[in-house]
Amino acid sequence: DLATAGVTDTTASLMPASLSFPPQQVETASGPEVILLTNTGGLNLNVSSIAISGDFGETDTCAGESIGPKSQCQLLVSFNPTLTGVEQGTLTIFANVTGGQMTVPLSGTGVPPPNVVLTPASLTFPQTNVGAQSPAQMITIANTGGETLPLAGEAVTGDFTIAANTCGSSLPANASCTVSLVFVPTGSG
């Protein structure tokens, strides 16, 4: 075909053209986001290599492949922040396209892990008669981290009982709840 004689480049598209990940806890990996690379030209798309920068990772079915016209392959990109704050990266696909490469800007925000603060850190109950109940004392549970903290429930041992609990099954970032405890001695000492 005279129209394509000597032409070695083709055209391709990337969907989406950029990726922005939701906030992700530092030192944990997000689930993968899919980028589709589609050969939109009339010649085979030859992907020689793929590079990624920043705290992002990828796996693919594209590198080293020759993708026929109107065919596509998948790139799975994940975000694994090492620092808190906004992070940027780039996914670069090297192939026989004009300029020799295609890029996808990547962004995400690393957030600190949940951090539990108990206030006060300990309770001292007044002397209480055997079988009687002390006045309630409250502990505030605060999540000072950047992500929701799952709560599995409370457990108390000894002669102590939970009188009230405002905590649910999870505690959002920068939120707090309270647990009230009473002392009900079953013996002296």
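Each chain has its residues counted from 1, running along the sequence as written. Whole-chain, interface and lining totals are the exception, using all residues; otherwise, since this is a predicted model, local features are given only for residues with pLDDT of at least 70 and side-chain atom pairs are given and counted only at 80 or more. Each side-chain value is derived from all of the structure's non-hydrogen atoms; neither hydrogens nor water enter the calculation.

Colleague: Explain the state of the cysteines to me, and be specific about the residues and the numbers.
Modeller: Count a disulfide wherever a pair of cysteine sulfur atoms falls within 2.5 Å. Tallied over the full model, the rule gives two disulfides. The disulfide partner of Cys-62 is Cys-73, and the gap between their sulfur atoms is 1.9 Å. Taking the sign of the torsion about the S-S bond as the criterion, the disulfide between Cys-62 and Cys-73, at about 110°, is right-handed. Placement of the pair is Cys-62 in the loop between strand E6 (56-60) and strand E7 (66-67) and Cys-73 in strand E8 (residues 72-79), with a sequence separation of eleven residues. For the pair shown, Cys-62 and Cys-73 are each scored as buried. A run of H or I in DSSP counts as a helix once it spans at least four residues, and a run of E counts as a strand once it spans at least two, with each numbered from the N terminus. Summary of the burial criterion: residues with accessible area below 20% of their type's maximum are buried, those above 50% are exposed, and those between are partly exposed, where the area comes from a 1.4 Å probe applied to protein chains only.

Colleague: I'd love a proper account of the side chain of Asn-39, names of residues and values included.
Modeller: By secondary structure assignment, the location of Asn-39 is in strand E4 (residues 33-39). Residue Asn-39 is classed as buried on the basis of its relative accessible area of 0%. Throughout this description, a polar contact denotes any pair of N or O atoms lying within 3.5 Å of each other; where both atoms belong to protein, one of them has to be capable of donating a hydrogen while the other can accept it, and for residues adjacent in sequence the pair is counted only when both atoms sit in side chains. At 3.3 Å, the side chain of Asn-39 forms a polar contact with the side chain of Thr-10. From its side chain, Asn-39 meets the backbone nitrogen of Gly-41 in a polar contact 2.9 Å long. Contacts were defined at the residue level, with two residues in contact if any of their heavy atoms lie within 4.5 Å. Each residue touching Asn-39, except ones within four places of it in the same chain, is listed here: Thr-10, Thr-11, Ala-12, Asn-44, Leu-45, Ile-67, Gly-68, Pro-69, Lys-70 and Ser-71.

Colleague: Quick rundown of the confidence of the model for the chain? Include the residues and the values.
Modeller: Scored from 0 to 100, pLDDT records how confident the predictor is in each individual residue. Model confidence for the chain is summarised by a mean pLDDT of 91, while 96% of its residues fall at 70 or above. Across residues 1-5 the pLDDT falls below 50, and counting only partners more than four positions away or on other chains, this stretch makes zero contacts in the model.

Colleague: How would you summarise the nonpolar core if you had to cite specific residues and measurements?
Modeller: The criterion is simple. A nonpolar core is a set of buried Ala, Val, Leu, Ile, Met, Phe, Trp, Tyr and Cys residues joined through side-chain atoms within 4.5 Å. Core analysis: the biggest nonpolar cluster contains 23 residues, and Ile-35, Leu-37, Leu-45, Val-47, Leu-75 and Leu-91 have the highest contact counts within it. Going through the elements one at a time, strand E1 (12-15), E4, strand E5 (45-52), E8, strand E9 (85-95) and strand E10 (101-111) are the ones with two or more residues in this core. Looking at this core element by element, the count peaks at four residues for E8. Among all residues touching Val-47, those that are not within four sequence positions of it are Leu-37, Cys-62, Ala-63, Gly-64, Glu-65, Ile-67, Ile-93, Phe-94 and Ala-95. Ile-139, Cys-177, Val-179 and Leu-181 belong to the second largest nonpolar core, which has ten residues in total.

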